[in-house]
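These are the residues of each chain, in order.
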Amino acid sequence: MKAALERDNYQAVVQADNLFHELYSHNSGNQRLEKICMELSEQEHRITALTRYDAIRCKTTYCHHLAIMEKIEEGDIRKATALLQKHLTDSMKYHVRNMSGI
């Protein structure tokens, strides 16, 4: 994702974002979570396709992912969970605004 951002290749950023979420759910070890994520994946891909032309959103997403992974690596699951909730909430608000033309 970082390399794609450095090249201003936002389509590749969106692809890396999708891969991040797929790997995250797969590596959770929770088969139910992985199945739910896979079922939502197609819808998510349609929505996040809107992001591929938004440099600011791509950079924000990258920073969110980096912060989440840092907290996981530090073993601070409470903070990682809070950051994940913030990321999902921010993403939802961003996409709702884009789809509604606000």
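Note that this is a predicted model, so its numbers are computed, not measured.

Parameters and conventions
Residues numbered from 1 in each chain as written. Predicted model: local features only at pLDDT ≥ 70, side-chain atom pairs only at ≥ 80, totals over all residues. Heavy atoms only, no water. Helix = DSSP H or I, 4+ residues; strand = E, 2+ residues; numbered from the N terminus. Expected span 1.5 Å × (residues − 1). Buried < 20%, exposed > 50% of the residue type's maximum accessible area, 1.4 Å probe, protein only. Polar contact = N/O pair within 3.5 Å; in protein donor to acceptor, adjacent residues only side chain to side chain. Core = buried A, V, L, I, M, F, W, Y, C linked by side-chain atoms within 4.5 Å. Axes fitted to C-alpha atoms, helices over the stretch in contact; angles between N-to-C directions. Parallel < 35°, antiparallel > 145°, perpendicular 65-115°, else oblique. Left-handed = near helix turned anticlockwise from the far one by under 90°. Contact = heavy atoms within 4.5 Å. Nonpolar A, V, L, I, M, F, W, Y, C, P; charged D, E, K, R; others polar.

> What is the right way to look at helix H2 (residues 10–27) in this model?
In an α-helix, one turn spans 3.6 residues; hence positions three or four apart end up facing the same way. Taking 1.5 Å of rise per residue, the 18 residues of H2 would be expected to cover 26 Å, and the 25 Å separating its terminal C-alpha atoms lies within 8% of that figure. What H2 keeps buried is the set Tyr10, Ala12, Val13, Val14, Asp17, Asn18, Phe20, His21 and Ser25. N-capping of H2 is provided by Asn9, with a side-chain oxygen placed 3.1 Å from the backbone N of Ala12. Looking one or two residues beyond H2, the residue adopting positive phi is Gly29, at roughly 80 degrees.

> Would you mind going over the nonpolar core with me for this structure?
The tendency in soluble globular proteins is for nonpolar side chains to be buried side by side. Counting residues in hydrophobic clusters, the biggest one holds 7 residues: Ala4, Leu5, Tyr10, Ala12, Val13, Cys58 and Tyr62. When residues of this core are traced back to their parent elements, those giving at least two are helix H1 (2–6), H2 and helix H4 (55–74). Counting residues per element, this core draws most heavily on H2, which supplies 3 residues.

> Quick question: what am I supposed to make of the packing of H2 against H4 here?
Helix-helix packing: each pair is described by the crossing angle between the helix axes and the interaxial distance. One can describe the packing of H2 onto H4 by two numbers: an axis separation of 10 Å at closest approach and a directional angle of 30 degrees. Overall, the two elements H2 and H4 adopt an arrangement that is roughly parallel. Crossing of H2 over H4 shows left-handed handedness. For the pair formed by H2 and H4, the contact residues are Tyr10, Val13, Asp17, Phe20, His21 and Tyr24 on the first element and Ala55, Cys58, Lys59, Thr61, His65, Met69 and Ile72 on the second. Of the residues in the contact of H2 with H4, the class split is 8 nonpolar, 3 polar and 2 charged.

> I'm lost on the environment of Glu42 in this one. Help?
As for its placement among the helices and strands, Glu42 is situated in helix H3 (residues 31–48). Between the alpha carbons of Glu42 and Arg7 there is a distance of 26 Å; along the sequence they are 35 residues apart.

> How should unusual backbone geometry be read in this particular structure?
For residues other than glycine, phi is negative in most cases, and the peptide bonds are mostly trans. Even without glycine at this site, Asp8 takes up a positive phi of about 55 degrees. Given the relative accessible area of 49%, Asp8 is considered partly exposed.

> What is the right way to read the environment of Ile47 from this model?
Residue placement: Ile47 occurs in helix H3. The exposure class assigned to Ile47 is partly exposed, which follows from its relative accessible area of 22%. Residues Ile47 and His65, 18 residues apart in the sequence, show an inter-C-alpha distance of 18 Å.

> I'm lost on the packing of H4 against helix H5 (residues 77–100) in this one. Help?
The interhelical angle for the contact between H4 and H5, taken along N-to-C directions, is 165 degrees, at an axis separation of 8 Å. In terms of orientation, H4 and H5 fall into the roughly antiparallel class. For the element pair H4 and H5, the recorded crossing hand is left-handed. Facing H4, whose interface residues are Arg57, Thr61, His64, His65, Ala67, Ile68, Lys71 and Ile72, H5 presents Lys79, Ala80, Leu83, Leu84, Lys86, His87, Asp90, Ser91 and Tyr94. Split into classes, the residues belonging to the contact of H4 with H5 amount to 7 nonpolar, 5 polar and 5 charged.

The values are spatial; any link to function lies outside them.
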